[in-house]
Amino acid sequence: MDNDLKPRFIESLKRNNDQIRADRATAIGEDSELIYRRKVEDLELKIKRLEREQEGLIDISPLDKNSLTFADFDCETFVQKDLEISLTLRNLSIQFEIAKKRFEYLFGKKF
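Since the structure is predicted, the reported quantities are computational estimates derived from the model, not experimental observations.

**Q** Would you mind going over the overall build of the chain with me for this structure?
**A** For the chain, the helix and strand inventory stands at three helices and zero strands. Helices and strands in the chain line up, N terminus first, as α-α-α. Scored against the burial criterion, the 111 residues of the chain give a buried share of 13%. Excluding contacts between residues fewer than 6 apart, the proportion of contacts in the chain whose partners are at least 24 apart in sequence is 69%. Total accessible area computed for the chain in this model is approximately 9,600 Å², and 54% of it derives from carbon and sulfur atoms.

**Q** Just checking my understanding: could you explain the packing of aromatic side chains for this structure?
**A** Each aromatic ring pair is characterised by the separation of its centres together with the angle its planes make. Summed over the entire model, instances satisfying the criterion amount to five aromatic pairs. Between Phe96 and Phe111, the aromatic rings sit 6.3 Å apart at their centres with planes inclined by 75°, giving edge-to-face as the arrangement. Placement of Phe96 in helix α3 (residues 75-107) and of Phe111 in the segment after α3 is noted, with a sequence separation of 15 residues between them. Relative to Phe107, the ring of Phe103 lies with its centre 5.2 Å away and its plane at 45°, an arrangement referred to as tilted. One end of the pair is Phe103 and the other is Phe107, both in helix α3 and four residues apart, which spans about a single turn. When its relative accessible area of 0% is taken as the criterion, Phe103 is described as buried. These aromatic residues form a ring-pair network of at least three members: Tyr36, Phe96, Phe103, Phe107 and Phe111.

**Q** Would you mind showing me how to read the pattern of salt bridges here?
**A** Pairing is possible between side chains of opposite charge, provided their charged atoms come close. A complete count under the given rule lists four salt bridges for this structure. Residue Glu53 pairs with Lys81 through a salt bridge whose shortest N-O separation is 3.3 Å. Here the residue Glu53 occupies a position in helix α2 (residues 17-57), and Lys81 occupies one in helix α3, the gap between them amounting to 28 residues. Using a relative accessible area of 35% as the deciding quantity, one classes Glu53 as partly exposed. Its salt-bridge partner being Lys100, residue Glu97 comes within 3.9 Å of it at the nearest N-O pair. Taken together, the residues Glu97 and Lys100, both in helix α3 and three residues apart, mark about one turn of the helix. Residue Lys100 is classed as partly exposed on the basis of its relative accessible area, which comes to 22%.

What counts and how
- Residues numbered from 1 in each chain as written.
- Predicted model: local features only at pLDDT ≥ 70, side-chain atom pairs only at ≥ 80, totals over all residues.
- Heavy atoms only, no water.
- Helix = DSSP H or I, 4+ residues; strand = E, 2+ residues; numbered from the N terminus.
- Buried < 20%, exposed > 50% of the residue type's maximum accessible area, 1.4 Å probe, protein only.
- Contact = heavy atoms within 4.5 Å.
- Areas by Shrake-Rupley, 256 points an atom, 1.4 Å probe, with all protein chains shown as cover.
- Phe/Tyr/Trp six-rings, centres within 6.5 Å; stacked < 30°, edge-to-face > 60°.
- Salt bridge = Lys/Arg side-chain N within 4 Å of Asp/Glu carboxyl O.

Function-wise, these values are silent; they only describe arrangement.
Structure (structure tokens):
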């Protein structure tokens, strides 16, 4: 059991500049990749949620299953909200595509 012990501190002091740089580069690269991936995933999630919200805007179902009366529907509010969501979706889609391509370029992995 004692033979398996290694003097980690002394080994660390003996590392050369290339080994230290490689270790630091690996750590920075892994962290950056994870954060970048999360950012792209967050954009994707925002897009999906907004698409659902936009679809929900056109739901003007009756108040209940036996009613022929529709829920209060304000056309002006609908148009305004739909346009806002559409513009936000467009901007997020552009950001998502750019971020996805950059992720693939920077880290050599498909998203």
